[in-house]
Amino acid sequence: MADDEPTRAARLLEAQGKAVRLFAEIEERGLVAPGEGERAVSDRIRDLANEMFGTTRHWHKRIVRSGPNTVLPYRENPPDRVIAADDIVFADFGPIFEEYEADFGRTFVLGDDPVKHRLRADLPRVFAAGRRFFEGDPEITGARLHAEVARLAAEAGWELGGWHAGHLVGEFPHETVDGADVESYITPGNDTPLRRTDKAGRTCHWILEIHLLTPEGRFGGFHEELLDL
């Protein structure tokens, strides 16, 4: 039997809480380090999720990208790259915890490059401002939120990467996120309210993704988590 809405919300928050703990342990163990290949780091994070929580499944492909690979959108599959001593790196993981999906992304900066450090610092700020904008408009659409996130990025001196800034999330497998179904995304073409129910009558829950790029496209950073809970 499907969970009621308070239980669904609580379990999505619990799944995200585990992802927060996972990423804190990634940093504590220094898994993102110079000389390591992106795929090797991804595999170590996968193994760490299993070690900490018994997690063996991820609802989307595991992503660790560094340097120039950080400008690429999700659907690209660049060749494996060795992380350099002064790199910027982001990890985007979608672990499944007890049949509920998490979707969590964070950025790591190695070295002292001030622009990379500023980018990393701006990511959660843009996320927080986007969330406040969402909270202030009960009828907000995906298109309107995307436009505001793009404005916030430009105001901070960055460009917004990718064609969307978030998507539906829920039980595994959640309502199909189809690339042709713009209503599943925070994207310019989605003129439907984000606060709605899905085809099964369940409350829609959303992930907000902030993918910021330097104006010249040299590198980027990534930050994502739950938007509406």
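Data block above holds the structure.
Residues numbered from 1 in each chain as written. Predicted model: local features only at pLDDT ≥ 70, side-chain atom pairs only at ≥ 80, totals over all residues. Heavy atoms only, no water.

**What about helix 4 (residues 142-155)?**
The periodicity of an α-helix, 3.6 residues per turn, causes residues three or four positions apart to be oriented the same way.
Move 1: Taking 1.5 Å as the rise per residue, helix 4 with 14 residues should run 20 Å; its terminal C-alpha atoms sit 20 Å apart, in good agreement.
Move 2: Buried residues of helix 4: Gly-142, Ala-143, Leu-145, His-146, Glu-148, Val-149, Leu-152 and Ala-153, and no others.
Move 3: Considering only its buried residues, helix 4 is in contact with helix 3 (114-135), strand 6 (159-160) and strand 8 (205-213).
Move 4: Just downstream of helix 4, Gly-157 is the residue with a positive phi angle, here 95°. (Helix = DSSP H or I, 4+ residues; strand = E, 2+ residues; numbered from the N terminus. Expected span 1.5 Å × (residues − 1). Buried < 20%, exposed > 50% of the residue type's maximum accessible area, 1.4 Å probe, protein only. Contact = heavy atoms within 4.5 Å.)

**Quick word on the pairing of strand 1 (residues 63-66)**
Move 1: Covered by surrounding structure in strand 1 are Ile-63 and Arg-65 together with Val-64 and Ser-66, the residues of both alternating faces.
Move 2: Where strand 1 and strand 2 (residues 88-93) come together, four bridges link them in antiparallel fashion. The partner of Val-64 across the bridge, within strand 2, is Ala-91. (Pairing = 2+ DSSP bridges.)

**Here's the deal with the layout of surface pockets**
Move 1: A volume near 260 Å³ is recorded for the second largest pocket.
Move 2: Going through the elements one at a time, helix 2 (38-53) and strand 1 are the ones with two or more residues in the lining of the second largest pocket.
Move 3: Per-class residue counts for the lining of the second largest pocket are four nonpolar, two polar and eight charged. (1 Å grid on protein atoms, 1.4 Å probe; cavity = no way out; pocket = protein on both sides within 12 Å on 5 of 7 lines; lining within 4 Å. Points joined across faces, edges and corners; volume = space filled by probe spheres on them. Nonpolar A, V, L, I, M, F, W, Y, C, P; charged D, E, K, R; others polar.)

**Let's talk about the packing of helix 1 (residues 5-29) against helix 2**
Move 1: Look at helix 1 against helix 2: their axes get within 10 Å of each other, and the N-to-C directions meet at 120°. Considering the angle they form, helix 1 stands oblique to helix 2. Between helix 1 and helix 2 the crossing geometry is right-handed. Contact with helix 1, carried on its side by Lys-18, Arg-21, Leu-22, Glu-25, Ile-26 and Arg-29, involves Ile-45, Leu-48, Ala-49, Glu-51, Met-52 and Phe-53 of helix 2 and no other residues of that element. (Axes fitted to C-alpha atoms, helices over the stretch in contact; angles between N-to-C directions. Parallel < 35°, antiparallel > 145°, perpendicular 65-115°, else oblique. Left-handed = near helix turned anticlockwise from the far one by under 90°.)

**Observations regarding the environment of Leu-145**
Move 1: Counting through the fold element by element, Leu-145 comes out in helix 4.
Move 2: With 41 residues separating them in the primary sequence, Leu-145 and Ile-186 have C-alpha atoms 6.9 Å apart.

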